[in-house]
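Examination of the molecular architecture
Spelled out from the first residue to the last, the chains are:
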Number of protein chains: 2
Amino acid sequence: MATRPTMKDVAAEAGVGVMTVSRVVNGDPGVAPATAARVEEAVRKLGYHRDDVARQLRRTNQLSQTIGLMVDHVADPFMAAIASAAEDVARQHGSVVLIGSSRDDLRREREVVAAFTARRVDGMVLTPVVGSHRFLRSTIEQGTKVVCVDRAAPGLDVDAVVVDNFDAVRDAVQRLVANGHRRIGYLGDRQEIWTVGERHRGYLAALEAAGIDADPALVRHGLRSGPEAATAVTELLSAPEPPTALLAGNVVVAIGALAVLPPDIAFIGFDDFALAARMTPPVTVIAQDPVAIGTTAAHLLFARIHGDTSPPRTVVMPTTLIPRGSGEIPGPYAQGS
Amino acid sequence: MATRPTMKDVAAEAGVGVMTVSRVVNGDPGVAPATAARVEEAVRKLGYHRDDVARQLRRTNQLSQTIGLMVDHVADPFMAAIASAAEDVARQHGSVVLIGSSRDDLRREREVVAAFTARRVDGMVLTPVVGSHRFLRSTIEQGTKVVCVDRAAPGLDVDAVVVDNFDAVRDAVQRLVANGHRRIGYLGDRQEIWTVGERHRGYLAALEAAGIDADPALVRHGLRSGPEAATAVTELLSAPEPPTALLAGNVVVAIGALAVLPPDIAFIGFDDFALAARMTPPVTVIAQDPVAIGTTAAHLLFARIHGDTSPPRTVVMPTTLIPRGSGEIPGPYAQGS
DNA sequence: GTGAAAGCGCTAACAA
DNA sequence: TTGTTAGCGCTTTCAC
């Protein structure tokens, strides 16, 4: 196996000094065309590729042109869309993206962040898990920029891009109430996750506004997978006083629930998904725009990297309720006709 | 903004030499506990984080503990699952993952690969786009390991993980024929993509085996999005002699097609998707296992990185036809009953 | 227009 | 057990 050629090798091959090679490789001006051609020929012949690792070491106050992206789970379609959008923006800035998943585990998050920091990323986009983020303090103080996405990180004074989880769920539940439902079930992921807590609060607020007593028997927290959600739905519906409507707090839970949901139960899910419109009945959802969210977060990050020192701000992106049918199934207290 | 402390700063703070700091930071043996404690205290106080960029430069024959993953499009659920699996394996090997999307553009692929190479990744997992991959030659010769996933790269003698696209589609089409269909439509992405070509060949082989003349009017290539697929379906079905069955070559095309497909047309899609079983009728698919594919590719890559020099091999992962109903709708030539 | 010397932050090799 | 020296591949600086 051939060894990796260095600038020295190229310089020797072309019969010039390393500085000339450096200039040619970086497209710097001030090299005679004939010399440049000789260098380029040597580069091709030896298969030389510049070592950005060494380069970054010397250019000490320069950027590494690398950002980190830590999400909950890359395979989650919502997170994958954010990742894709962030990568597109990074590309526009000539940067590459290091990716990592926390799987909602703080220890794992710390490891991923440490790996990013050790590689001297210019900044990172994080979906923070529940817990303390003090370990990020020194990294941020030393100049690494951080933007949170999807979830805020309490106690971390950085930019964040989130949606109006509370309002969106409150409005959706109010819609179910207006359609004649009073026994409305809630299916959610681990309540400690910031978005999940916000959505649950929205659910409770809507019930309270409607003068409905919240029944703990209608609420299921901590659903981590489709099958768990399906089981929860089956249990809720076989109770003595079953719900007539359900709200699913995220897309994993929604898809799991839909696998076993009878068509006469009203249903609204958080997050849109492919073919929601082709289900029977078509599924009403609260849609976020993950591409816009990821793009916004990445733009904020690069603004910071390029010197924006304004106070941190939280951008709240809108959600849209898409009525398709399942959320409009009337309940036992429906008015009229 | 505080400047980033170096080992020298820590050494000064702790009143020791830099080598002692290096030993403590890396957990090397041979440091007196009391000294180590002083160093650790200084590390904490200064918020020191080891610079892996400088580290990698010196440890020249060592690994960068970084791999690259270049897929078609991270937002594609199939690719996202592969990425997630690869990240899990990388994590087990103490490595992080650089991600990039080619968007099926060879120029973009080259840029991504160049960015990976410049950062001295130990290896990369690629979903090669159509075109020549000679530009990878020198990188591979210099020791960067490459594994192809999902698609083979003709002319590149490296490991690959693929599925039996040809057989899977041939068998699926034979199934449609057995169910009484003779006018079977094919909906595919750009035919130059290796998987797409294989699947189309499988389609043609099944027709030929059944003695059915392939009708070009029933074939649509180059479908790049759901809406394009939907339009193609509408056009095919409004032709004078419309197909009675359709085969969709990938999940994007399948989902687009299903948005407009009448329930009496038989349908088989390539790739499984959430809620396929809840459609009306439930959707028959040829399922791949992206997690197994991504895991296998990553394992192959790390085996190479850790010194495996056996001849390159292509691993063919199985697919499974999941009959759910849409593929079992009888055609006009159905036997019996 | 070109090159030689120094040094980025770290670790290998050796010395004490 | 600890420290010193050299050098990884590159760029900065300055001299020619």
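For clarity, every value in this text was computed on a predicted model and none was experimentally measured. (Residues numbered from 1 in each chain as written. Chains lettered and ligands numbered in written order. Predicted model: local features only at pLDDT ≥ 70, side-chain atom pairs only at ≥ 80, totals over all residues. Heavy atoms only, no water.)

Of the regular secondary structure elements, chain A holds twelve helices and twelve strands. Against the globule reference of 20 Å for 337 residues, chain A gives a C-alpha radius of gyration of 26 Å, more extended than a compact globule. Overall, the C-alpha framework of chain A stretches about 90 × 40 × 35 Å when taken along its three principal axes. For chain A, buried positions account for 51% of its 337 residues. When contacts within chain A are restricted to residue pairs at least 6 apart in sequence, those whose partners lie at least 24 apart make up 65%. Entry remark: accessible area of chain A is about 14300 Å², with carbon and sulfur atoms responsible for 53%. Taking the average place of the 34 positive charges on the side chains of chain A and the average place of its 38 negative ones, the gap between the two points comes to 8 Å. (Helix = DSSP H or I, 4+ residues; strand = E, 2+ residues; numbered from the N terminus. Rg over C-alpha atoms; globule rule 2.2 N^0.38 Å. Buried < 20%, exposed > 50% of the residue type's maximum accessible area, 1.4 Å probe, protein only. Contact = heavy atoms within 4.5 Å. Areas by Shrake-Rupley, 256 points an atom, 1.4 Å probe, with all protein chains shown as cover. Lys, Arg positive; Asp, Glu negative; His and termini not counted. Charge placed at Lys NZ, Arg CZ, Asp CG, Glu CD.)

This paragraph deals with the interface of chain B and chain A. Contact residues are listed per partner, giving 58 residues for chain B and 58 residues for chain A. Where chain B touches chain A, the interface holds ten salt bridges. With its nearest N and O atoms 3.0 Å apart, the salt bridge here joins A:Arg91 to B:Glu111. The interface formed by chain B and chain A holds 37 residue pairs in polar contact (both at pLDDT 80 or more) in total. Elements with a contribution of two residues or more to the side of chain B that touches chain A: helix 4 (52-58), helix 5 (77-92), strand 2 (96-101), helix 6 (106-118), helix 7 (137-141) and helix 11 (251-258) of chain B. For strand 2 (residues 96-101) of chain A and strand 2 of chain B, the ladder comprises three bridges, and the chain directions are antiparallel. For A:Val97, the partnering residue across the bridge sits in strand 2 of chain B and is B:Ile99. (Salt bridge = Lys/Arg side-chain N within 4 Å of Asp/Glu carboxyl O. Polar contact = N/O pair within 3.5 Å; in protein donor to acceptor, adjacent residues only side chain to side chain. Pairing = 2+ DSSP bridges.)

We now examine the relation of the copies chain B and chain A. For these two chains of identical sequence, chain B goes onto chain A by a turn of 180° and a shift of 0.0 Å along the axis, with RMSD 0.1 Å. The transformation just described matches what one would write down for a two-fold rotation axis. Judged by C-alpha distance, B:Leu98 is the residue of chain B that lies nearest the rotation axis, at 2.1 Å. Both copies present the same face, since 100% of the interface residues in chain B are matched by interface residues at the equivalent positions in chain A. (Least-squares fit on C-alpha atoms with pLDDT ≥ 70 in both.)

Turning our attention to unusual backbone geometry. Most peptide bonds take the trans configuration, and most residues that are not glycine carry a negative phi. The residue after A:Thr280, namely A:Pro281, is reached through a cis peptide bond having omega -10°. Within the secondary structure, A:Pro281 is located in the loop between strand 9 (266-270) and strand 10 (284-287). Notably, A:Arg103 is not glycine yet its phi reads approximately 50°, a positive angle. You can see A:Arg103 is positioned in the loop between strand 2 and helix 6 (106-118). Accessibility expressed as a relative area gives 31% for A:Arg103, which makes it partly exposed. Even without being a glycine, B:Asp150 presents a positive backbone phi close to 75°. For B:Asp150, a relative accessible area of 7% puts it in the buried group.

For chain A, the assigned domains read domain 1 (1-48), domain 2 (57-162 + 292-317) and domain 3 (165-288 + 320-328). The C-alpha centroid of domain 2 of chain A is placed 36 Å from the C-alpha centroid of domain 1 of chain A. (Domains from an automatic or database assignment.)

The next point concerns the protein's contact with DNA strand C. The full set close to DNA strand C counts 24 residues, and A:Thr20, A:Thr35, A:Arg58, B:Ser22 and B:Tyr48 are the nearest of them. Of what DNA strand C places within 4 Å of the protein, 66% of the atoms are sugar or phosphate. At a separation of 3.3 Å, a base nitrogen of DNA strand C approaches a polar backbone atom of B:Ala54. Secondary structure elements with two or more residues in the surface near DNA strand C: helix 2 (18-25) and helix 4 (52-58) of chain A together with helix 2 (18-25) and helix 4 of chain B. Of the residues forming the surface near DNA strand C, the biggest block, four residues, is contributed by helix 4 of chain B. (Near = heavy atom within 4 Å.)

Under the UniProt annotation, "domain: HTH lacI-type" (unreviewed entry) lies at residues 5-59 of chain A. For residues 5-59 of chain A, the end-to-end C-alpha separation is 21 Å, with 67% helix and 0% strand making up the annotated structure. (UniProt positions renumbered as here; feature names shortened; annotations may be inferred.)

Bringing the packing of helix 8 (residues 165-178) of chain B against helix 9 (residues 194-209) of chain B into the picture now. All names here are of chain B. At their nearest, the axes of helix 8 and helix 9 sit 7 Å apart, and the two run at 40° to each other. In this view, helix 8 runs oblique relative to helix 9, as classed from their interaxial angle. Here helix 8 and helix 9 pass one another in a crossing that is right-handed. Touching Asn-165, Phe-166, Val-169, Arg-170, Val-173 and Gln-174 of helix 8 are Trp-194, Thr-195, Glu-198, Arg-199, Arg-201, Gly-202, Tyr-203, Ala-205, Ala-206, Leu-207 and Ala-209, all from helix 9. Among the residues forming the contact of helix 8 with helix 9, the class breakdown is nine nonpolar, four polar and four charged. (Axes fitted to C-alpha atoms, helices over the stretch in contact; angles between N-to-C directions. Parallel < 35°, antiparallel > 145°, perpendicular 65-115°, else oblique. Left-handed = near helix turned anticlockwise from the far one by under 90°. Nonpolar A, V, L, I, M, F, W, Y, C, P; charged D, E, K, R; others polar.)

Glancing now at the sheet that holds strand 12 (residues 320-322) of chain B. All names here are of chain B. Taken together, six strands build an open sheet; the order of strands is 7-6-8-9-10-12 and the sheet is mixed. Strands with a single pairing partner mark the edges of an open sheet, and in this sheet they are strand 7 (219-220) and strand 12. Set on the sheet, helix 8 makes contact with strand 6 (184-187), strand 8 (245-248), strand 9 (266-270), strand 10 (284-287) and strand 12; between it and strand 9 the angle comes to about 170°. Running over the sheet, helix 9 touches strand 6, strand 7 and strand 9 and is turned about 170° from strand 6.

What follows is about the pairing of strand 10 of chain A. Residues and elements named next belong to chain A. Where burial is concerned, the two faces of strand 10 agree: the one with Thr-284 and Ile-286 and the one with Val-285 and Ala-287 are both buried. As paired elements, strand 10 and strand 12 (residues 320-322) share three bridges and run antiparallel to each other. Bridging from a neighbouring strand, Val-285 pairs with Ile-322 of strand 12.

Here we take up the packing of aromatic side chains. In this structure the tally under the stated criterion is two aromatic pairs over all chains. Residues A:Tyr186 and A:Tyr203 carry aromatic rings whose centres are separated by 5.2 Å and whose planes lie at 40° to one another, so their mutual orientation is tilted. Of the two residues, A:Tyr186 is situated in strand 6 (residues 184-187) and A:Tyr203 in helix 9 (residues 194-209); the sequence distance between them amounts to 17 residues. No difference in accessibility class separates A:Tyr186 from A:Tyr203, as the two residues are buried. In this structure, A:Arg199 is placed above the aromatic ring of A:Phe270, and the distance from its NZ or CZ to the ring centre is 3.7 Å. In this structure, B:Arg182 is placed above the aromatic ring of B:Tyr333, and the distance from its NZ or CZ to the ring centre is 5.7 Å. (Phe/Tyr/Trp six-rings, centres within 6.5 Å; stacked < 30°, edge-to-face > 60°. Lys NZ or Arg CZ within 6 Å of the ring centre and 35° of its normal.)

Looking now at the sheet that holds strand 12 of chain A. All names here are of chain A. Taken in spatial order, the six strands of this open sheet run 7-6-8-9-10-12, and their pairing is mixed. Edge positions in the sheet fall to strand 7 (219-220) and strand 12, since each of these pairs with one other strand and no more. Strands strand 6, strand 7 and strand 9 of the sheet are contacted by helix 9, whose axis makes an angle of about 170° with strand 6. Packing of helix 11 (residues 251-258) onto the sheet brings it into contact with strand 6, strand 8 (245-248) and strand 9, and relative to strand 9 it is tilted by some 150°.

Looking now at the nonpolar core. Judged by nonpolar contacts, the single largest core of 97 residues is most densely connected at A:Val173, A:Tyr203 and B:Tyr203. Ignoring sequence-local partners within four residues, the contact set of A:Tyr203 consists of A:Val169, A:Val173, A:Ile184, A:Gly185, A:Tyr186, A:Leu218 and A:Val219. One finds A:Leu236, B:Ala232, B:Leu246 and B:Met279 within the second-largest nonpolar core, a separate group that totals 46 residues. (Core = buried A, V, L, I, M, F, W, Y, C linked by side-chain atoms within 4.5 Å.)

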